[in-house]
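Coordinate analysis (summary)
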Amino acid sequence: MNALPQSHERYDVAIVGGALAGGATAILLLRQAPQLRILLIEKSAAFGRRVGEATVEVSGYFLGRVLGLTQHLNEAHLVKQGMRFWFFNARAQSLPECSEIGGRYLSRVASYQVDRAVLDQEVLRRAQAMGAEVWRPASVSKIQLAAGRDQALEIRSGEQTGTVVARWVVDASGVAALLARQEGWWRPNKAHPTTAVWSRWTGVKDWDGLELAKKFPDWAMACHGIRSTATNHLVGKGWWAWCIPLKGGDVSVGVVFDQRLVTWPENGSLGQRLKDFLIQHPVGREILADAQWREGDMHWRKNLPYYSTTVAGDGFALVGDAAAFLDPFYSPGMDWISFTTSATAELILAQQRGEALAPLIARHNRDFARSYDCWFQAIYQDKYEYMGDFDLMRLAFLLDVGLYTLGVASQPFKRGGKALTEPVFSTPPSVPFFHFIRFYNRRFAQIARARRLTDQWGRSNDCRRFMFQGYTFARSSIWPIAKAILSWGGLELREGWRSWFRKGHEAAPAQSSPAAAITQTAP
Ligand SMILES: Cc1cc2nc3c(=O)[nH]c(=O)nc-3n(C[C@H](O)[C@H](O)[C@H](O)COP(=O)(O)OP(=O)(O)OC[C@H]3O[C@@H](n4cnc5c(N)ncnc54)[C@H](O)[C@@H]3O)c2cc1C
């Protein structure tokens, strides 16, 4: 650890939080302006394991090709094999009877399953090797902002306190969201009350091992790729769970649920409640039969989504979770890090070059506010109504993933890292796509509500297998999207029309005390 500084040391940039968002910002800045004096202040003495373990195509590009970590990712983490979804209903009694959505072959574009304790340490090490100064363990307790001048940071380490000044402060403090809370910009996203419970587990069965292949030979033969290194999602009414394998054999397993739709079990330790909850699903029963959560690594968080009303000004910027959090479904967290850190580095470099800052800051705030709003409304709002229903999720999977692949993930591959300075849904060409995605997402939620009222919800959740060939950036990938739109049209004509003009299919009301058991009894 570096000793705390003498008072009023001056830096060009002080970064609060040395995990992925903070370390990445330092690397992006130093790569283009190695003369910058950058200070990284990290609270923890060593990174613990944390969620944020699955990358998708944008974050895979960012880590591999922008930060240059491909070799590290190959050596210390796992190559991810896309997403798989497992559905169940009363007729599905065993793993092969559960309906499945996933790739038949290996994935087409690189993404990874990462151990964040290892990854974040490597990113921080590289930032330090490039010239960033790191103080650790040290915690920023207060930031005094001064537009266009030097910012002052109060720093504590044990009994010591000190002050540094920097032209820029970058808040990468994660969910602590130091600056947003201090300045009163922090807002909960009350339209999306979700809770997560998670841990790392030992003894999770090998999806591709001989035991399951012997027990369920046809099931094993149906996939020609690798199931175990996918993000396997177990889904149910109002909830989804992830199984993410980590290098070395542990598996990250956790659940996220909509507090309006799920009553969380009340008795037992948090680990036991998580296991009890997951083994209601036949896939959970099979895969977790001999599994044990790691004591001391059991976590929960209620009311997940939030945002900051301001993400940048002349002298400060918020990156990663310090700026906002949406939902872990589809793993957008590290995409958000890719966009916020790339755009922030550009903003700071523009000021260093002497460019007029006011219009850039106005655009930065507008783009990220728009991105958060549109991303939420298009993809996540009321998604939990239908994500456990095979028919509806198959269509959403094809449309969401297809449009993301062609419209978002392809951009950095075509235009380079510059594409990451334009957050999702912030550009004019994305506007019709936003309306289209929001529209079908709302229709699926409405059809799901109607299905629930008539006991039709989840009727295809057993004995269906949708094994997809995978999207690429080629134009031919438009066809599966077009087919999904036609299937959706068919669904509307068969049953959707009943809910076109009918009232009474509104979102589920909030339960009086959602997930109260967690709040009261969790450690
Ligand atoms: C249940 C769940 C599942 C998720 N799954 C995924 C996934 O599969 N894929 C994905 O991409 N994203 C996922 N995410 C999101 C992901 O975890 C975050 O987006 C990501 O970890 C944020 O990284 P960060 O660097 O912004 O913040 P963090 O990783 O939280 O790091 C913040 C750092 O700041 C330090 N710090 C805090 N306060 C101070 C202070 N005052 N002074 C100094 N240092 C400080 C902390 O010690 C910490 O090291 C998930 C989130 C949740 C809740």
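Residues numbered from 1 in each chain as written. Predicted model: local features only at pLDDT ≥ 70, side-chain atom pairs only at ≥ 80, totals over all residues. Heavy atoms only, no water.

1. Details of the sheet that holds strand 17 (residues 306-308)
- Spatial strand order, 11-17-20: 3 strands in an open sheet with antiparallel pairing. Of all the strands in the sheet, just strand 11 (186-188) and strand 20 (324-325) have a single pairing partner and so form its edges. (Pairing = 2+ DSSP bridges. Helix = DSSP H or I, 4+ residues; strand = E, 2+ residues; numbered from the N terminus.)

2. Considering the nonpolar core
- Membership of the largest hydrophobic core comes to 138 residues, with the highest contact counts inside it found for Phe85 and Leu153.
- With residues near it in sequence (within four places) discarded, leucine 153 still touches Ala14, Val16, Ile41, Val140, Lys142, Ile143, Gly162, Thr163, Val164 and Val169.
- Counting 32 residues, the second-largest nonpolar core is a separate cluster that includes Val204, Leu234, Cys243 and Val251. (Core = buried A, V, L, I, M, F, W, Y, C linked by side-chain atoms within 4.5 Å. Buried < 20%, exposed > 50% of the residue type's maximum accessible area, 1.4 Å probe, protein only. Contact = heavy atoms within 4.5 Å.)

3. With respect to the site of the ligand
- Among the 34 residues in the neighbourhood of the ligand, the closest are listed as Glu42, Arg50, Ala54, Asp321 and Met334.
- One nitrogen or oxygen atom from the main chain of valine 51 is found 3.0 Å from an oxygen atom belonging to the ligand.
- One of the backbone N or O atoms of valine 140 is found 2.9 Å from a nitrogen atom in the ligand.
- Starting from 1000 Å² of accessible surface for the ligand in isolation, the protein chains cover 93%.
- Of all the secondary-structure elements, those providing two or more residues to the shell around the ligand are helix 1 (20-32), strand 8 (139-144), strand 12 (194-202) and helix 10 (333-352). (Near = heavy atom within 4 Å. Polar contact = N/O pair within 3.5 Å; in protein donor to acceptor, adjacent residues only side chain to side chain. Areas by Shrake-Rupley, 256 points an atom, 1.4 Å probe, with all protein chains shown as cover.)

4. Quick notes on the side chain of aspartate 258
- Considering the arrangement of structural elements, one finds aspartate 258 in strand 15 (residues 251-258).
- Look past the residues within four positions of aspartate 258 in its chain and what remains in contact with it is Pro193, Thr194, Gly238 and Tyr384.

5. Some remarks on a nonpolar patch on the surface
- On the surface, Leu493, Trp497, Trp500 and Phe501 cluster together into a nonpolar patch covering about 550 Å² of accessible area.
- Residue position: leucine 493 is located in helix 14 (residues 478-494). (Patch = residues over 30% accessible without salt bridge, like charges linked within 9 Å, V, L, I, M, F, W, Y side chains within 5 Å. Salt bridge = Lys/Arg side-chain N within 4 Å of Asp/Glu carboxyl O.)

6. Focus on the packing of helix 2 (residues 57-66) against helix 10
- Where helix 2 meets helix 10, the axes come as close as 7 Å, and the angle between the chain directions of the two elements is 55°. Viewed along their axes, helix 2 and helix 10 adopt a mutual orientation that is oblique. Helix-helix and strand crossings are classified by hand; for helix 2 and helix 10 the assignment is left-handed. The segment helix 2 lies against helix 10, with Val58, Ser59, Phe62 and Leu63 engaging Met334, Asp335, Ser338, Phe339, Thr341 and Ser342. (Axes fitted to C-alpha atoms, helices over the stretch in contact; angles between N-to-C directions. Parallel < 35°, antiparallel > 145°, perpendicular 65-115°, else oblique. Left-handed = near helix turned anticlockwise from the far one by under 90°.)

7. A closer look at the pattern of salt bridges
- Taken as a whole and judged by the stated rule, the model has 33 salt bridges.
- Measuring nitrogen to oxygen at the nearest pair gives 3.0 Å for the salt bridge that ties arginine 91 to aspartate 462. Of the two residues, arginine 91 sits in the loop between strand 4 (83-86) and strand 5 (100-103) while aspartate 462 sits in the loop between helix 13 (431-453) and strand 21 (465-468), which places them 371 residues apart along the sequence.
- Classification of arginine 91 as exposed rests on a relative accessible area of 52%.
- Relative accessible area serves as the criterion here: at 12%, aspartate 462 is assigned to the buried category.
- For glutamate 100, the salt bridge identified is with arginine 465, shortest N-O distance 2.5 Å. Of this pair, glutamate 100 sits in strand 5 while arginine 465 sits in strand 21; the two residues are 365 residues apart in sequence, bridging distant segments of the chain.

8. Considerations on the packing of aromatic side chains
- Inspection of the entire model under this criterion finds 34 aromatic pairs.
- Here phenylalanine 216 and tryptophan 219 contribute two aromatic rings whose centre-to-centre distance is 6.4 Å and whose plane-to-plane angle is 75°, an arrangement assigned as edge-to-face. Like tryptophan 219, phenylalanine 216 is buried.
- Ring pairing ties together the aromatic residues Phe85, Trp240, Trp242, Phe329, Tyr330, Phe397, Phe466, Phe468 and Tyr471, which thus form one cluster.
- The positively charged end of arginine 37 is found above the aromatic ring belonging to tyrosine 11, 4.2 Å away from the centroid.
- Cation over ring: arginine 181 sits above tryptophan 186, and NZ or CZ is 4.5 Å from the ring centre. (Phe/Tyr/Trp six-rings, centres within 6.5 Å; stacked < 30°, edge-to-face > 60°. Lys NZ or Arg CZ within 6 Å of the ring centre and 35° of its normal.)

9. Quick word on the confidence of the model for the chain
- For the chain, the average pLDDT comes to 94, and 94% of its residues sit at 70 or higher.
- The low-confidence segment residues 508-523, where pLDDT is below 50, has 36 contacts with residues more than four positions distant or belonging to other chains. (pLDDT = per-residue confidence, 0-100.)

10. A few points about the state of the cysteines
- Summed over all chains, the structure comprises 0 disulfides.
- Looking at the unpaired cysteine 243, the closest cysteine sulfur is the one in cysteine 98, lying at 13 Å. (Disulfide = S-S within 2.5 Å.)

11. Section: the sheet that holds strand 13 (residues 231-236)
- What the 8 strands build is an open sheet, ordered 16-12-15-14-13-4-5-21; its pairing is mixed. Across the chains shown, the open sheet's two edge strands, defined by having one partner strand only, are strand 16 (292-301) and strand 21. On average, each strand axis in the sheet is inclined to that of its neighbour by 15°, with strand direction left out of account.
- With 6 bridges joining them, strand 12 and strand 16 adopt antiparallel strand pairing. Note on strand 16: the bridge partner recorded for serine 199 is methionine 298.
- Its contacts with the sheet place helix 8 (residues 270-278) against strand 12, strand 13, strand 14 (239-245), strand 15 and strand 16, and it is angled at close to 90° to strand 16.

12. Quick look at helix 13
- The terminal C-alpha atoms of helix 13 lie 34 Å apart, and with 23 residues this matches the ideal 33 Å at 1.5 Å per residue to within 8%.
- Just downstream of helix 13, aspartate 455 is the residue with a positive phi angle, here 60°. (Expected span 1.5 Å × (residues − 1).)

13. A word on the packing of helix 1 against helix 4 (residues 116-129)
- It is at 8 Å that the axes of helix 1 and helix 4 come closest, and there the two elements cross at 30°. On the basis of their axis angle, the class for helix 1 and helix 4 is roughly parallel. In the packing of helix 1 onto helix 4, the handedness of the crossing is left-handed. Residues Leu20, Gly23, Ala24, Ala26, Ile27 and Leu30 of helix 1 touch helix 4, and the partners they reach there are Arg116, Leu119, Asp120, Val123, Arg126 and Ala127.

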